[in-house]
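Listed below, chain by chain, are the residues.
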Amino acid sequence: MNQEAKKITNNLYGRVNAPVVERCRVNFCTDLEKSVLMSNFERRGWNQVGPDDEWNFYWASTQTCRNLFSVESGYRMNDNQMINHFPNHYELSRKDLLVKNIKRYRKELEREGNPLAEKAEVALHGGQIVTRYVHLDFVPVTFVLPADYNMFVEEYRKSPQSTWIMKPCGKSQGTGIFLINKLSKLKKWSREAKTPFHPQLTKESYVISRYIDNPLLIGGKKFDLRLYVLVTSFRPLKAYLFQLGFCRFCTVKYDTSVTELDNMYVHLTNVSVQKHGGDYNNIHGGKMTVQNLKLYLEGTKGRAVTDKLFAAMQWLIVHSLKAVSSVMANDRHCFECYGYDIIIDNQLKPWLVEVNASPSLTSTTVNDRILKYKLIDNIISVVLPPDGVPDVRWNKLPNTEALGNFDLLIDEELLEKDEPSGSHSRGAKSKYK
Amino acid sequence: MDGVQEEAIHHTALKLADEIKHLSIYKSFYSDVQKLVSSPNVEKENFKQTLQQAMKEKGLDTKLRNTVFHWVRTQSKHCRLDPLTSLSKASAQWEKRIHKSLNSMCTDLETSLAKVRLQSEQDILTEKWSELSTYNLDLSKYRPVYAPKDFLEVLLTLSGYVPFTRDDEPKWEFAHLPLKVNKIDQLRKLFPEWSSGEPLLGVNPYMPSTVPGFSTLEAERISLGERVVALGYAPVVQEYLKKGSPQCLRAKLWSNVLGSDIKAPQVQYFNRLKKNVLEVDLMVDKLIFKDVQLTASNDDQYFVFEDLLYQVMLCFSRDVEVMQLLKGNIGNPPVVTIKGKQTSPESLTAFPPSGIIPFHGFTMYATPFCYLYDDPVQLYYTFRAFYVRYWHRLHYISTHPQGIVSLCLLYERLLEANEPLLWVHFRNININPIRVVFKWLMRAFSGHLPPDQLLLLWDAILGYDCLEILPLLALAILSFRKENIFQVNTLQNVDAVLADLSTISVIPLLQLALMKP
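These numbers were taken from a predicted model, which means no experiment stands behind them.

(A) Region of the structure containing the overall build of chain A. The secondary structure content of chain A amounts to 15 helices and 18 strands. Expressed as a percentage of contacts within chain A between residues at least 6 apart in sequence, the contacts between residues at least 24 apart total 66%.

In structure tokens, the structure reads:
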């Protein structure tokens, strides 16, 4: 299709088919002048103001948000102000804290004798028998380095053949990541990191996780999933899953041989990594929609396993959120959209890789732009009360039309209310109780 | 009258009994029956009845019925003389042009149509067979032999051959061809499930079931579909497909209705095709690589399956059976010498052995199957069966009622009769309405509709065993977007209005087009 024609069509059909919302006097402020944001704000007839003005809706960077909430700033938000982050989102988005919170959550449930914390013995790839949580085993075994080094070595010895992946805690988009299959390589790394030439590395902590070396391959290639989850409250937990996620494919055929261990085009699906590969395609950007993934799995592997996989992904998201809900600063002015990165293994089991609190709003392709435009549009309509003006006194119960492409994942308040009568909302499932 | 009919049936039965002996399944089937005869289940006294019963229990009965079904389907359609000599003349000229263009491309690029592959090249190709996207070829100078646009130009000249024109008919190109096509009322009778508004898959995922015990229509269809799959009787499968298949059963249902199940001989045959690809370098291979690159590799719905498609499309070009199955429908491919081979009968090859020269977008006939089969062999046979039964009609000139010429004419007539205002609008802005939908028709909407919608459309093609659905859908889409079309007056802008079909729901639109207001 010719590009010009595509452009015109997108204007006609690609956009969310919504009439211009009646113009409310909403002042917005943004740290990010991305076109998917600006065009949404413009379509709603909002008025742009600076951070020091009277804003109602702030699309802020995480840093700005932390500053606003810090004691020193002394800023107090009024009832008609909303912001797109929770002040301590890092409890979920930092790799080390996420793992820490999930471990704590599981222990708490175990202590309560909750059946969710049931454990059982499972056989690893190499044949070793290990004990794992039956329902809450959705993050690969992970340790923080250097703090948990000894615990890591103990685990490592259980299955010395397995590969591990090292990631710096505070970085994103695939920077600083490498694979390890020998303890000596880790030792070498730690020695080098301590040399005076890399003083910054000594301060930085890393997580080391068991590498999912049996990923599901499609067309011989590895991929991961990017799903978008909107949280409007942590206590009670209210979360929504965006239907239009996508798969990000590696450009190179998957190969576990040792020689390819250092070839990050084989192992990392991040667009920021794959973009530099020679085979990166600008038209599709290595991205396939989640709907098409589902279609493929249903067609080739059947309905039951596909449904089970998608249910398991929802389960994983809900419990990762529950794991941090007690430590999150649940400010009424906040909402947040998380980018969940999930890898599916060849047994069709999903694994949570990481959660991003500022998922990229840069569009790499035409379809990407449409998707992200809809995402922002739907986020705004879910977090705002029906009259379109931010108001934290609102009960945060959006009606079905406002959900757009979001499905309700969980609303603890609704679950409580509806206990006897059953839920009236799309997607509310009591099994997450 | 009855006597004549009986005689005809008798004649067909004789022919069938004779021809079945030449079918590939005959040998194994015959030995299965022999084994059955010697089993204790079959009694000598009551031979016929007990044998029939035993065949039923063993599933041989269904196998035989399916064989007859597939055989009958291949019989009825061809063997008909082309009543329009003008069309066959045009078709022959077009074929000549294609061959000429291939030859001149060869000369320009200083290569030959067919040559033996060097051993070193064979080794690399063998090694990279499962990841041919990494096989390095310089294709910058290769161009598709023709594109849908070129083919349309040829079709549009067809009217020139027709000796008569009626004054009261507008001078639209296809209207002059003396071919008979259905009117909308006849289509309503042809597709009763749509015109009567029956509950169908693809309308609304949460549509409730009318059958007690099922919460949704989808659950009901899955349950029924599982029984249809277990039965495995092709005519029943065909009937089932009319109302749409759930994605989880589609792969089995499609291969069943097309008779494209694979057993050991099919795998062996596929491997022979592969061997031929590895040994012989045909110029058409480059065109195939180029086509996969230009289409599937750049498409966000299909790029993942690129490597699978190279294998399937390359093997397809080597498949002599395709040419045999389509004899009389696809012209005559030239026979060329394979350079570098010692002169022998084997050093000659039809170019290509399948007889099919790919055009720009040819790969799109195969891409949707990637959502059903991840094994190249399974994918291959279902794609091939689909091609042999339907797709070849979309890029060869014929007077067949399912051929592209009749489909274009049907589209024109439907548009004129059912959307007169649109028709007038197209005339006023001086655009031939076939131009804005032709690529949809020629590719059976593949690459234009999202895969889930496309698969529903192809369910219907299999279910009703006809391609008239394609022009009908084209009409329905135009009706649906007519308000936007009225606002534009250049071909480019009409194309733009129709470019993005990602929001189209096929089945509701087809229903809408056929249900009476």
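(B) Main features of the UniProt feature "domain: Rab-GAP TBC" (unreviewed entry) in chain B. In this numbering, the UniProt entry assigns the feature "domain: Rab-GAP TBC" (unreviewed entry) to residues 244-465 of chain B. Secondary structure over residues 244-465 of chain B splits into 52% helix and 4% strand, and the C-alpha atoms at its two ends are 13 Å apart.

(C) Fine view of the packing of aromatic side chains. Using the criterion set out here, one finds 60 aromatic pairs over all chains in the structure. Each ring, one from W94(B) and one from F151(B), has its centre 5.8 Å from the other, and the planes form 35°; the classification is tilted. With a gap of 57 residues between them, W94(B) in helix α5 (residues 85-108) and F151(B) in helix α7 (residues 148-157) connect regions that are remote in the sequence. Across the pair, exposure class does not vary: W94(B) and F151(B) are buried alike. The cationic tip of K294(A) hangs over the ring face of F310(A); the distance from NZ or CZ to the ring centre is 5.1 Å. Positioned over the ring face of W351(A) is K349(A), at 4.7 Å from the centre of the ring.

(D) Local environment of the confidence of the model for chain A. All names here are of chain A. With 85% of its residues at a pLDDT of 70 or more, chain A shows a mean pLDDT of 85. Mean pLDDT values for the elements of chain A range from 46 in helix α1 (residues 3-14) up to 98 in strand β13 (residues 237-242). Counting interchain partners and residues more than four positions distant, the pLDDT-below-50 stretch residues 4-22 has 30 contacts. Confidence drops under pLDDT 50 across residues 421-433; counting only partners more than four residues distant or on other chains, this segment forms 32 contacts.

(E) Geometry of the state of the cysteines. Residue and element names in this part refer to chain B. Under the counting rule described, the total for this entry stands at 0 disulfides over all chains. Note on C466: no disulfide assigned, nearest cysteine sulfur contributed by C408 at a separation of 15 Å. Taking the relative accessible area as the measure of exposure, C466 reaches 4% and is therefore buried.

(F) Structural context of the confidence of the model for chain B. With 95% of its residues at a pLDDT of at least 70, chain B reaches an overall mean of 90. Confidence over residues 161-165 of chain B falls short of pLDDT 50; this stretch has 9 contacts with residues more than four positions distant or in other chains.

(G) Examining helix α19 (residues 420-428) of chain B more closely. Residues and elements named next belong to chain B. All buried positions along α19 are accounted for by L422, W423, H425 and F426. Viewed along the axis of α19, the buried residues span an arc of 160°, placing them on a single side of the element. Exposed residues lying more than 90 degrees from the buried face of α19 are L421 and N428. Tucked into the core, α19 has its buried residues touching α18 (404-418), α22 (469-480), α23 (482-486) and α24 (491-499). Looking one or two residues beyond α19, the residue adopting positive phi is N430, at roughly 60°.

(H) Summary view of the sheet that holds strand β4 (residues 82-83) of chain A. Residue and element names in this part refer to chain A. Pairing is parallel across the open sheet formed by 4 strands, whose spatial order is β2-β1-β3-β4. The sheet is open, and its two edges are formed by β2 (47-48) and β4, each paired on a single side. The pairing of strand β3 (residues 57-59) with β4 spans 2 bridges and is classified as parallel. Its bridge partner lying in β4, F57 is registered against M82. Helix-sheet contacts for helix α2 (residues 35-43) involve β1 (27-30), β2 and β3, and the interaxial angle to β1 is about 175°.

(I) Focus on the interface of chain A and chain B. Opposite the 30 residues of chain A that make contact, chain B presents 34 residues. Both faces considered, chain A and chain B share a buried interface measuring about 2700 Å² in area, 57% of it formed by carbon and sulfur atoms. At the junction of chain A and chain B, the tally comes to 3 salt bridges. Across the pair D307(B) and K221(A) runs a salt bridge whose closest N-O atoms are separated by 3.5 Å. Here chain A is connected to chain B by 9 residue pairs in polar contact (both at pLDDT 80 or more). Among the secondary structure elements, those contributing two or more residues to the side of chain A that touches chain B are α1, β14 (246-253), β15 (287-289) and α11 (290-301) of chain A. Split by residue class, the side of chain A that touches chain B holds 11 nonpolar, 12 polar and 7 charged.

(J) Structural view of the pattern of salt bridges. All names here are of chain B. What the rule picks out here adds up to 41 salt bridges over all chains. Among the salt bridges present, the one from R117 reaches E121, with a minimum N-O distance of 3.4 Å. Note on R117: relative accessible area 6%, which makes it buried. In this structure, D319 and R384 form a salt bridge, with 2.7 Å as the shortest nitrogen-oxygen distance. In this pair, D319 is assigned in the loop between α15 (306-317) and α16 (320-325) and R384 in helix α17 (residues 376-389), connecting sequence segments 65 residues apart.

(K) Structural context of the sheet that holds strand β9 (residues 178-180) of chain A. Residue and element names in this part refer to chain A. Spatially, the 4 strands line up as an open sheet ordered β7-β10-β8-β9, and their pairing is antiparallel. In this open sheet, the two edge strands, each paired with only one partner strand, are β7 (142-145) and β9. Between one strand axis and the next, the sheet turns by 30° as a mean value, whatever way the strands run. Of the strand pairs in this sheet, strand β8 (residues 164-168) and strand β10 (residues 206-210) are connected by 5 bridges, and their pairing is antiparallel. Each bridged residue has a counterpart across the sheet, and for K167 the counterpart in β10 is V207. Strand contacts of helix α5 (residues 95-112): β7, β8 and β10, with the helix running at about 130° to β7, the strand carrying the most contacts. Set on the sheet, helix α6 (residues 149-158) makes contact with β7, β8 and β10; between it and β7 the angle comes to about 140°.

(L) Spatial organisation of the environment of K287(A). You can see K287(A) is positioned in strand β15. K287(A) sits 232 residues away from W55(A) along the chain, and the two C-alpha atoms are 36 Å apart.

About the criteria used
- Residues numbered from 1 in each chain as written.
- Chains lettered and ligands numbered in written order.
- Predicted model: local features only at pLDDT ≥ 70, side-chain atom pairs only at ≥ 80, totals over all residues.
- Heavy atoms only, no water.
- Helix = DSSP H or I, 4+ residues; strand = E, 2+ residues; numbered from the N terminus.
- Contact = heavy atoms within 4.5 Å.
- UniProt positions renumbered as here; feature names shortened; annotations may be inferred.
- Phe/Tyr/Trp six-rings, centres within 6.5 Å; stacked < 30°, edge-to-face > 60°.
- Buried < 20%, exposed > 50% of the residue type's maximum accessible area, 1.4 Å probe, protein only.
- Lys NZ or Arg CZ within 6 Å of the ring centre and 35° of its normal.
- pLDDT = per-residue confidence, 0-100.
- Disulfide = S-S within 2.5 Å.
- Arc of directions from axis to C-beta.
- Pairing = 2+ DSSP bridges.
- Axes fitted to C-alpha atoms, helices over the stretch in contact; angles between N-to-C directions.
- Buried area = accessible area lost by both parts, 1.4 Å probe.
- Salt bridge = Lys/Arg side-chain N within 4 Å of Asp/Glu carboxyl O.
- Polar contact = N/O pair within 3.5 Å; in protein donor to acceptor, adjacent residues only side chain to side chain.
- Nonpolar A, V, L, I, M, F, W, Y, C, P; charged D, E, K, R; others polar.

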